[in-house]
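Chain residues, written in single-letter form:
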Amino acid sequence: MTVKNIAAKIREMIETSRQCAIFTGAGISTESGIPDFRSPTGLWKNNMPIDFRDFVASEEARVEAWRRKFALEDKFLAARPTRGHKAVAHLIEIGRATCVITQNIDNLHQASGIDDNQIIELHGNGTYATCLTCHRRHEMQWIGEVFKASGLPPDCTHCGGIVKSATISFGQSMPEQKMREAEAASLACDLFIVLGSSLVVYPAAGFPIIAKRNGAGLVIINQEETELDTIADLVGHNDIGDVMAPLMDLQAGS
Ligand code: NAD
């Protein structure tokens, strides 16, 4: 299907739906310069992820995790909301969608103007860090300065615990409250729109399935095929910005 036809079809599905839920992955942010994980140019071409248990057990793993984090920091700091983020913010602002469920950690949905309480971050947020013991927040700038000066990440200044980016790594428990909120949103909607996810990371990729099984329509916009394409009502292997930008003139429903 052409981009124009996909955009027209999504418009029609949104206009005839009662309530949409939007689910985003790394693909919505690539236009901002932040690479995704699994595309041919994605981050995993060079770096396998560091498991949470290794991060906790090994200083070497922690140093490597922070080295990777700061190697990408300039890209994250320079990134601005994409056409996809802006379209999602618009759909929420006009009340067509109630929330965005995101796997992303880049804070770009917040930067696009969506309220925190309408953003369900399943994998946390990489713009700050927390202590794994006392859960106090620590700022990236301070951690970056210590890391640059000593080659080691700092320990928590309050309790001496291990400090980690406030993201959910493989092997780390999912945030229970966010999981409940995402499930409720998936069950409450009658249209579930996936933007830029390979849909291979579970449990996050289970939400489109929950929505579909509950009777919602399922739309997937992703440049590459996903394993859930076969159960979707509309699939576009297109660029998210190209598909979503024309929806910026959608009006609130009656
Ligand atoms: P993924 O890398 O597995 O999949 C991204 C998908 O987006 C790919 O299939 C790719 O084809 C598609 N894509 C890329 N650019 C696109 C575009 N402009 N238009 C349409 N499709 C596009 O990412 P995922 O499914 O989100 O899962 C990986 C994990 O990666 C998540 O848990 C997330 O926490 C983490 N991650 C986040 C960021 C971020 O916050 N921006 C970046 C990299 C990885």
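Preceding this paragraph is the structure being described.
What this report covers is the structure whose coordinates are included nearby. Remember, it's a predicted structure, so these values are computed and weren't measured experimentally.

Cut-offs used in this document
Residues numbered from 1 in each chain as written. Predicted model: local features only at pLDDT ≥ 70, side-chain atom pairs only at ≥ 80, totals over all residues. Heavy atoms only, no water. Buried < 20%, exposed > 50% of the residue type's maximum accessible area, 1.4 Å probe, protein only. Helix = DSSP H or I, 4+ residues; strand = E, 2+ residues; numbered from the N terminus. Pairing = 2+ DSSP bridges. Right-handed = clockwise from strand over helix to strand, strands pointing away. Near = heavy atom within 4 Å. Polar contact = N/O pair within 3.5 Å; in protein donor to acceptor, adjacent residues only side chain to side chain. Areas by Shrake-Rupley, 256 points an atom, 1.4 Å probe, with all protein chains shown as cover. Nonpolar A, V, L, I, M, F, W, Y, C, P; charged D, E, K, R; others polar. 1 Å grid on protein atoms, 1.4 Å probe; cavity = no way out; pocket = protein on both sides within 12 Å on 5 of 7 lines; lining within 4 Å. Points joined across faces, edges and corners; volume = space filled by probe spheres on them. Domains from an automatic or database assignment. Salt bridge = Lys/Arg side-chain N within 4 Å of Asp/Glu carboxyl O. Axes fitted to C-alpha atoms, helices over the stretch in contact; angles between N-to-C directions. Contact = heavy atoms within 4.5 Å.

1. Concerning the pairing of strand 8 (residues 217–221)
Stage number 1. With five of its five residues buried, strand 8 lies for the most part within the structure.
Stage number 2. Here strand 8 shows two buried faces, one formed by Gly217, Val219 and Ile221 and the other by Leu218 and Ile220.
Stage number 3. Direction of pairing for strand 7 (residues 191–195) relative to strand 8: parallel, over a ladder of five bridges. Following the sheet pairing, Ile193 is matched in strand 8 by Val219.
Stage number 4. Crossover handedness for the path strand 7 to helix 8 (residues 206–213) to strand 8: right-handed.
Stage number 5. In terms of strand pairing, strand 8 meets strand 9 (residues 234–236) through three bridges, oriented parallel. From the neighbouring strand, Ile221 faces strand 9, where its bridge partner is Gly236.

2. Concerning the site of the ligand
Stage number 1. For the ligand, the set of nearby residues contains 27 residues, the closest of which are Arg38, Gln103, His123, Ser198 and Glu224.
Stage number 2. Here an oxygen atom of the ligand and a side-chain polar atom of His123 are 2.5 Å apart.
Stage number 3. In the model, an oxygen atom of the ligand is placed 2.7 Å from a nitrogen or oxygen of the Ser197 side chain.
Stage number 4. Notes on the ligand: free accessible area 860 Å², of which the protein chains cover 95%.
Stage number 5. Grouping the constituent residues of the shell around the ligand by class yields eight nonpolar, 14 polar and five charged.

3. Quick look at the environment of Glu139
Stage number 1. Note on placement: Glu139 falls in strand 5 (residues 137–139).
Stage number 2. On a C-alpha basis, the gap between Glu139 and Ser173 in space is 22 Å, while along the polypeptide they are 34 residues apart.

4. Remarks on the layout of surface pockets
Stage number 1. Each pocket or cavity is described by its volume, and for the second largest pocket that value is around 420 Å³.
Stage number 2. If you trace the second largest pocket, you find 21 residues lining it, with Gly124, Tyr128, Thr130, Ala166 and Ile168 closest to the centre.
Stage number 3. Of all the elements in the fold, those that place two or more residues in the lining of the second largest pocket are strand 3 (119–121), strand 4 (124–131) and strand 6 (163–167).
Stage number 4. With five residues, the single largest contributor to the lining of the second largest pocket is strand 4.
Stage number 5. Within the lining of the second largest pocket, the residues separate by chemical class into seven nonpolar, ten polar and four charged.
Stage number 6. Per-domain counts for the lining of the second largest pocket show at least three residues from each of domain 1 (1–34 + 81–123 + 174–254) and domain 2 (39–78 + 126–167).

5. Regarding the pattern of salt bridges
Stage number 1. Under the criterion given, the structure shown has eleven salt bridges.
Stage number 2. A salt bridge links Glu12 to Lys9; the shortest N-O distance between them is 3.6 Å. Taken together, the residues Glu12 and Lys9, both in helix 1 (residues 3–15) and three residues apart, mark about one turn of the helix.
Stage number 3. Look at Glu12 and you get partly exposed, because its relative accessible area is 43%.
Stage number 4. Each of Glu31, Arg83, Asp239 and Asp242 takes part in salt bridges that share partners, so that together they form one network.

6. As for the sheet that holds strand 6
Stage number 1. The three strands are arranged 5-4-6 in an open sheet whose pairing can be described as antiparallel. Looking at the sheet topology across the chains shown, the edges are occupied by strand 5 and strand 6. Strand after strand, the sheet turns through a mean of 50° between neighbouring axes, direction not considered.
Stage number 2. Pairing between strand 4 and strand 6: four bridges, direction antiparallel. When the sheet's bridge partners are listed, Ala129 is paired in strand 6 with Ser165.
Stage number 3. Along the sheet, helix 6 (residues 140–150) makes contact with strand 4, strand 5 and strand 6, crossing strand 5 at roughly 65°.

7. Side note on the sheet that holds strand 9
Stage number 1. A sheet is described by the order of its strands in space; here six strands give the open sequence 3-2-1-7-8-9, paired in parallel fashion. At either margin of the open sheet sits one strand with a lone partner, and together these are strand 3 and strand 9. Neighbour-to-neighbour, the strand axes of this sheet turn through a mean angle of 15°, independent of strand direction.
Stage number 2. Along the sheet face, helix 1 touches strand 1 (20–24), strand 7, strand 8 and strand 9 and points at about 145° away from the line of strand 9.
Stage number 3. Lying over the sheet, helix 8 contacts strand 1, strand 7 and strand 8, oriented at roughly 155° with respect to strand 7.

So yeah, pure geometry; function would need other evidence.
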